Amino acid sequence: MSSRGKRKDEDVRASDDESESHAPAKKVAKPADSSDESDDIVVCNISKNRRVSVRNWNGKIWIDIREFYVKDGKTLPGKKGISLSVDQWNTLRNHAEDIEKALSDLS
């Protein structure tokens, strides 16, 4: 008999039997308080919900400009923001005069 005549139920049962013996490992969530991966130094608050911070994350230093929100009494970082590497920060800082000139030209 050709493979065309096989019932799909037989294929499903065969694959189900195999999957029972190889159950996926359960994922364990890390606690939100774990400070071993991230150290933040808040440099300044730009506005009520925006702040600039310097952080050490996974062994690298980042300058983080980000919006925050409050949930259940805790202030949490939002998706809106940017993290600059030290090299990117130095590039931006070296162009501060150019940015100031562009601002004065547009004002």
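Criteria and cut-off values
Residues numbered from 1 in each chain as written. Predicted model: local features only at pLDDT ≥ 70, side-chain atom pairs only at ≥ 80, totals over all residues. Heavy atoms only, no water. Helix = DSSP H or I, 4+ residues; strand = E, 2+ residues; numbered from the N terminus. Buried < 20%, exposed > 50% of the residue type's maximum accessible area, 1.4 Å probe, protein only. Contact = heavy atoms within 4.5 Å. Salt bridge = Lys/Arg side-chain N within 4 Å of Asp/Glu carboxyl O. Pairing = 2+ DSSP bridges.

**Brief notes about the environment of Pro 77**
Phase 1 of the analysis: Here Pro 77 lies in strand E4 (residues 74–85).
Phase 2 of the analysis: Taking relative accessible area as the criterion, Pro 77 reaches 44% and is therefore assigned partly exposed.
Phase 3 of the analysis: Other than its neighbours up to four places away in sequence, Pro 77 contacts Arg 66, Glu 67, Phe 68 and Tyr 69.

**Considerations on the pattern of salt bridges**
Phase 1 of the analysis: Scanning all chains against the criterion turns up 5 salt bridges.
Phase 2 of the analysis: For the salt bridge of Asp 40 with Arg 55, the shortest nitrogen-to-oxygen distance reads 3.1 Å. Taken together, the positions of Asp 40 in strand E1 (residues 38–45) and Arg 55 in strand E2 (residues 50–57) put the pair 15 residues apart, joining distant regions of the chain.
Phase 3 of the analysis: By relative accessible area, Arg 55 is classed as buried at 17%.
Phase 4 of the analysis: For Lys 101, the salt bridge is made with Asp 105, and the minimal N-O distance between the two is 3.1 Å. Of this pair, Lys 101 and Asp 105 are both found in helix H3 (residues 96–106), 4 residues apart, which corresponds to roughly one turn of the helix. Asp 105 carries the same exposure label as Lys 101, and that label is exposed.

**Description of the pairing of E4**
Phase 1 of the analysis: Inspection of the sheet shows strand E3 (residues 60–71) paired to E4 by 9 bridges, in the antiparallel sense. Bridging from a neighbouring strand, Arg 66 pairs with Gly 81 of E4.
Phase 2 of the analysis: If you look at the hairpin formed by E3 and E4, you'll find 2 residues sitting between the two strands, and Asp 72 has a positive phi there, around 55 degrees.

**Overview of unusual backbone geometry**
Phase 1 of the analysis: Within the chain, Asn 58 stands out as a residue other than glycine whose phi angle is a positive 55 degrees.
Phase 2 of the analysis: With phi around 55 degrees, Asp 72 is a residue other than glycine that occupies positive phi space.
Phase 3 of the analysis: Considering the arrangement of structural elements, one finds Asp 72 in the loop between E3 and E4.
Phase 4 of the analysis: Accessibility expressed as a relative area gives 74% for Asp 72, which makes it exposed.

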